[in-house]
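Architecture at a glance
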Number of protein chains: 2
Amino acid sequence: MSTTDARKFGLAVAQMGPVHLADSRQAVVKRLVAMLREAAARQAQFVVFPELALTTFFPRYWMTEQEAVERYFERAMPNADTQPLFDAARELGVGFYLGYAELTPDGRRFNTAVLVDRAAKVVGKYRKVHLPGHDDHKPDAPFQHLEKKFFEVGNLGFPVWNTQDVNVGMCICNDRRWPETWRAMSLQSAELIVLGYNTPSWNIHWNEPVHLRTFHHEIVLQASAYQNAVWVGAAAKCGSEDGFHMIGSSMIVAPSGEIVARASGEEDEVIAARIDLDLGRTFRQHVFNFAKHRSPEQYRLIVERTGAGAPLPLPPEATHG
Amino acid sequence: MSTTDARKFGLAVAQMGPVHLADSRQAVVKRLVAMLREAAARQAQFVVFPELALTTFFPRYWMTEQEAVERYFERAMPNADTQPLFDAARELGVGFYLGYAELTPDGRRFNTAVLVDRAAKVVGKYRKVHLPGHDDHKPDAPFQHLEKKFFEVGNLGFPVWNTQDVNVGMCICNDRRWPETWRAMSLQSAELIVLGYNTPSWNIHWNEPVHLRTFHHEIVLQASAYQNAVWVGAAAKCGSEDGFHMIGSSMIVAPSGEIVARASGEEDEVIAARIDLDLGRTFRQHVFNFAKHRSPEQYRLIVERTGAGAPLPLPPEATHG
């Protein structure tokens, strides 16, 4: 397809307000279905829902893994509780991204998102790689961030799927802060990257100024959209869940890095845009023509080291004039 | 050194207004020396000068390599023309970064920057890896962007030097748009990354909105500072060189991604900040504790592919629910 073909696509992001401990999955799925219907009415072909969309952001609570599994994990997707969302998607012909806590048949736990096509078929699955937080109990912290306790590191890589004639990649929450996440997908010709997030407004690890939480969310989405020439749809679960506040600012970002749609509150809210997939193509042909400009032989440290280490020995010419 | 030690450092960025074809190197070096003196008076210990600081941004002109070498390249650094800058640096005890066109003794051409310590000794050299533009003559374009004709791809990697008790990395102009640049240096524990740039306000390759040029500069510096927990000092040569306009917006960016100092015009202008090197350390201990959170085995495509290609085969579990 040439760059002059119009490749417009209806993208919606369904931000969710809080899900409290007392809220049932059925009540949550009703909210998701209502937003799916609104998105479809606004000509969306695909809807991005948040990370761990079906429950409160439970990694903030200390409990055993077994307690977490019983209350918060899904053994199948779809399941009885989420079937109404899949039914509505099929009826409306709208695909979606949905994040949930996955329990596998062999008892493994992942922070997962599925990609569902407009026939309501699950066509893809991603498991979160960059788990933030800790695995120990921090009794003096105002809340916990126990993703490293409740989930394993994702083991499916960063796949890209062609669905609804778009190359789509997925990631989840903290993954968006890591440039490797985006690059692994743009090197597979991703055109649209979708993600959900639950981002606490307070950092329990140090006295980070609160305004930085939303600011970091913005700058990583904007720069990553640009640097990888992809459209981005990012959906928050936000507001105060039983007193624990999380940031909003769900947004759609263009491959130019510009925010083209943004949620204005901290409640359930659908934002939508008619996005031009060829805009990404333009950037990939010029400034980000990877084949022409990248030098992988000079990037080896990215895969050869995990943590930061000492400077490499200097080439002789790099040490003097 | 613990995080409670105050590690304050005086950083200045010396933005340059235009250098016209008619301007002599002696006149340019006088301007650099004046800015070095101002920076020192404002308690700076290190000054960042632009890319190709000694001449006009000559890759905009079609000419033979030999013509370019004769007019625009330096055979040694320091040399007779730049010696006054080195003398002033030694007198004032201020280190600096300076970009110039390098001709090696064996006739190779690089877009180079040197790192000079407060004794005016050249302690490091970097050669630009990500050369933008083209190598052919585009007679219909309003100007050329011939970096791929006049320079070889840099062959020194992305070294990090410890100088003035700071781990310093260097890059040049278009390098800043590539996340790999920053990561290669933060994995070597860089604390401060300095760069110069000449960024034309108009993109000759497509009808890119002009406002995006400065916006992209901003978002890549802000996100890269944050994602790599480094301080950034970025110096423009800007304004209209013989009618060809380039963006300004030289800036100092904190590891929080916040712009802490910014040039306000398109002329010679020194901006300065007293930066806290321990702020980067805080980010590296928490959200960007690389050893704890990175998964290099899932990043392999970054070094295994140069250009974007087809999606990888999907793991079986990534294809269905």
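Along every chain, residues carry numbers that run from 1 in the direction the sequence is written. Chains and ligands are labelled by the order in which they are written, letters from A for the one and numbers from 1 for the other. In keeping with the model being predicted, local features are shown solely for residues with a pLDDT of at least 70 and side-chain atom pairs are shown and tallied solely at 80 or more, while totals for entire chains, interfaces and linings include all residues. Side-chain metrics rest on all non-hydrogen atoms present in the structure, leaving aside hydrogens and water.

You'll find chain A entered in an unreviewed UniProt entry as N-carbamoyl-D-amino-acid hydrolase, with Bordetella flabilis given as the organism.

1. Notes on the overall build of chain A
We count it as follows: Going along the chain from the N terminus, every DSSP run of H or I of four or more residues is numbered as a helix, and every run of E of two or more is numbered as a strand. When we talk radius of gyration, it's over C-alpha atoms, and the globule rule is simply 2.2 Å times the number of residues to the 0.38. The cut-offs for exposure are 20% and 50% of the maximum accessible area for each residue type, with area from a 1.4 Å probe on protein chains only; residues under the lower value are buried, those over the upper are exposed, and the others partly exposed. The contact definition used throughout considers only heavy atoms, calling two residues in contact when any of these lie within 4.5 Å. A 1.4 Å probe and the Shrake-Rupley method give the accessible areas. Residues count as covered only by the protein chains that appear here. Only four residue types enter the tally: Lys and Arg on the positive side, Asp and Glu on the negative side, with His and both chain ends excluded. One atom stands in for each charge, and that atom is NZ of Lys, CZ of Arg, CG of Asp or CD of Glu.
Secondary structure summary: chain A contains nine helices and 15 strands in total. Its C-alpha atoms give chain A a radius of gyration of 20 Å, within 12% of the compact-globule value 20 Å for 321 residues. Summarising its shape, the C-alpha atoms of chain A cover approximately 65 × 55 × 40 Å along the three principal directions. A total of 321 residues make up chain A; the buried ones form 66% of that total. Across chain A, every contact between residues at least 6 apart in sequence was considered, and the portion connecting residues at least 24 apart equals 70%. Working note: accessible area of chain A is about 10800 Å², and carbon and sulfur atoms make up 50% of it. Side chains of chain A carry 34 positive and 37 negative charges; the gap between the two charge centres is 3 Å.

2. Examining the environment of B:Thr64
Within the secondary structure, B:Thr64 sits in the loop between strand E2 (46-48) and helix H2 (65-72). On the accessibility criterion, B:Thr64 (40% relative accessible area) is partly exposed.

3. Structural notes on the UniProt feature "domain: CN hydrolase" (unreviewed entry) in chain A
Rules: UniProt positions are given in the numbering used here, feature names are shortened, and annotations may be inferred rather than shown by experiment.
Residues annotated in UniProt with the feature "domain: CN hydrolase" (unreviewed entry) correspond here to residues 9-277 of chain A. Note that residues 9-277 of chain A is 25% helix and 29% strand, and that its end C-alpha atoms are spaced 7 Å apart.

4. Re empty space enclosed by the protein
As a reminder of what qualifies: Cavity: a set of points on a 1 Å grid over the protein atoms alone where a 1.4 Å probe fits but cannot get out. Pocket: an open set with protein on both sides within 12 Å along at least five of seven lines, its lining residues, like those of a cavity, having an atom within 4 Å of a point. Grid points are joined across faces, edges and corners, and a volume is the space filled by probe spheres set on the points. When residue character is reported, Ala, Val, Leu, Ile, Met, Phe, Trp, Tyr, Cys and Pro are called nonpolar, Asp, Glu, Lys and Arg charged, and the others, Gly included, polar.
Applying the stated criterion across every chain, the model contains three cavities of 30 Å³ or more. Put simply, the largest cavity is a space of about 50 Å³. What lines the largest cavity is A:Pro179, A:Glu180, A:Arg183, A:Ile302, B:Pro179, B:Glu180, B:Arg183 and B:Ile302. Where the lining of the largest cavity is concerned, the elements lending two or more residues are helix H5 (179-186) of chain A together with helix H5 (179-186) of chain B. Residues belonging to the lining of the largest cavity are distributed by class as follows: four nonpolar, no polar and four charged.

5. Focus: the sheet that holds strand E7 (residues 160-163) of chain B
All names here are of chain B. Operational definition: Pairs of strands are assigned from DSSP output, requiring at least two bridges between the strands. Note on geometry: axes are lines fitted to C-alpha atoms, helical ones only across the stretch in contact, with angles between N-to-C directions running from 0 to 180 degrees.
The strand order E7-E8-E9-E10-E13-E14 describes an open sheet built from six strands, whose pairing is mixed. Taken across any chain shown, the strands that pair with only one partner, and hence form the sheet edges, are E7 and strand E14 (259-262). Each neighbouring strand pair of the sheet contributes to a mean axis angle of 20°, computed without reference to strand direction. The pairing of strand E13 (residues 251-253) with E14 spans three bridges and is classified as antiparallel. Across the sheet, Met-251 pairs through a bridge with Arg-262, a residue of E14. Contacts from helix H6 (residues 211-228) reach strand E9 (192-197), strand E10 (231-236), E13 and E14 within the one sheet, and its direction differs from that of E13 by about 30°.

6. Re the sheet that holds strand E7 (residues 160-163) of chain A
Residues and elements named next belong to chain A. What the six strands build is an open sheet, ordered E7-E8-E9-E10-E13-E14; its pairing is mixed. Each edge of the open sheet carries a strand with a single partner, namely E7 and strand E14 (259-262). Pairs of neighbouring strands in the sheet enclose a mean axial angle of 20°, with direction left out of account. Bridge count between strand E10 (residues 231-236) and strand E13 (residues 251-253): three bridges; the pairing is antiparallel.

7. Section: the relation of the copies chain B and chain A
What counts here: Least-squares superposition of the copies uses the C-alpha atoms of those residues scoring a pLDDT of at least 70 in each of them.
Overlaying chain B with chain A gives an RMSD of 0.0 Å, the required rotation being 180° about an axis along which the chain moves by 0.0 Å. Each copy turns onto its partner about a two-fold axis. Of the interface residues in chain B, 100% have counterparts in chain A that sit at the interface too, so the contact is made through matching surfaces.

8. Details of H6(B)
Residues and elements named next belong to chain B. Inclusion rule: The span expected for a helix works out to 1.5 Å for each residue beyond the first.
Given a rise of 1.5 Å per residue, 18 residues ought to cover 26 Å, and the 26 Å separating the end C-alpha atoms of H6 matches this to within 8%. Of all 18 residues that make up H6, 16 are buried, and the element is covered over most of its length. The first or second residue beyond H6 is Ala-229, which carries a positive phi of 55°.

9. A word on the side chain of A:Ser224
Here is the rule we go by: The term polar contact refers here to a pair of N or O atoms within 3.5 Å; inside protein, the definition further demands a hydrogen-donor-capable atom paired with an acceptor-capable atom, and it admits residues adjacent in sequence only when both atoms are side-chain atoms.
Inspection of the secondary structure puts A:Ser224 in helix H6 (residues 211-228). The class for A:Ser224 is buried, based on a relative accessible area of 2%. At 3.3 Å, the side chain of A:Ser224 and the side chain of A:Trp182 are in polar contact. When neighbours within four sequence positions are excluded, A:Ser224 is seen to be in contact with A:Arg176, A:Trp182, A:Val230 and B:Gln227.

10. Comments concerning the side chain of A:His130
Assignment of secondary structure puts A:His130 in the loop between strand E6 (122-127) and helix H4 (147-150). Taking the relative accessible area as the measure of exposure, A:His130 reaches 0% and is therefore buried. A polar contact of 2.8 Å, which involves the side chain of A:His130, links it to the side chain of A:Asp175. Side chain to side chain, A:His130 and B:Tyr299 meet in a polar contact 2.6 Å long. Setting aside residues up to four positions removed in sequence, A:His130 forms contacts with A:Phe158, A:Asn174, A:Asp175, A:Trp178, A:Thr181, B:His293 and B:Tyr299.

11. Points about the confidence of the model for chain A
Residue and element names in this part refer to chain A. Condition: Along the chain, pLDDT gives the predictor's confidence residue by residue, from 0 to 100.
Predicted confidence across chain A gives a mean pLDDT of 96, with 98% of residues reaching 70 or more. Across chain A, the secondary-structure element scoring lowest on mean pLDDT is helix H7 (residues 277-285), at 95, and the one scoring highest is E10, at 99. Reported confidence for the predicted complex is 0.96 by ipTM and 0.97 by pTM.

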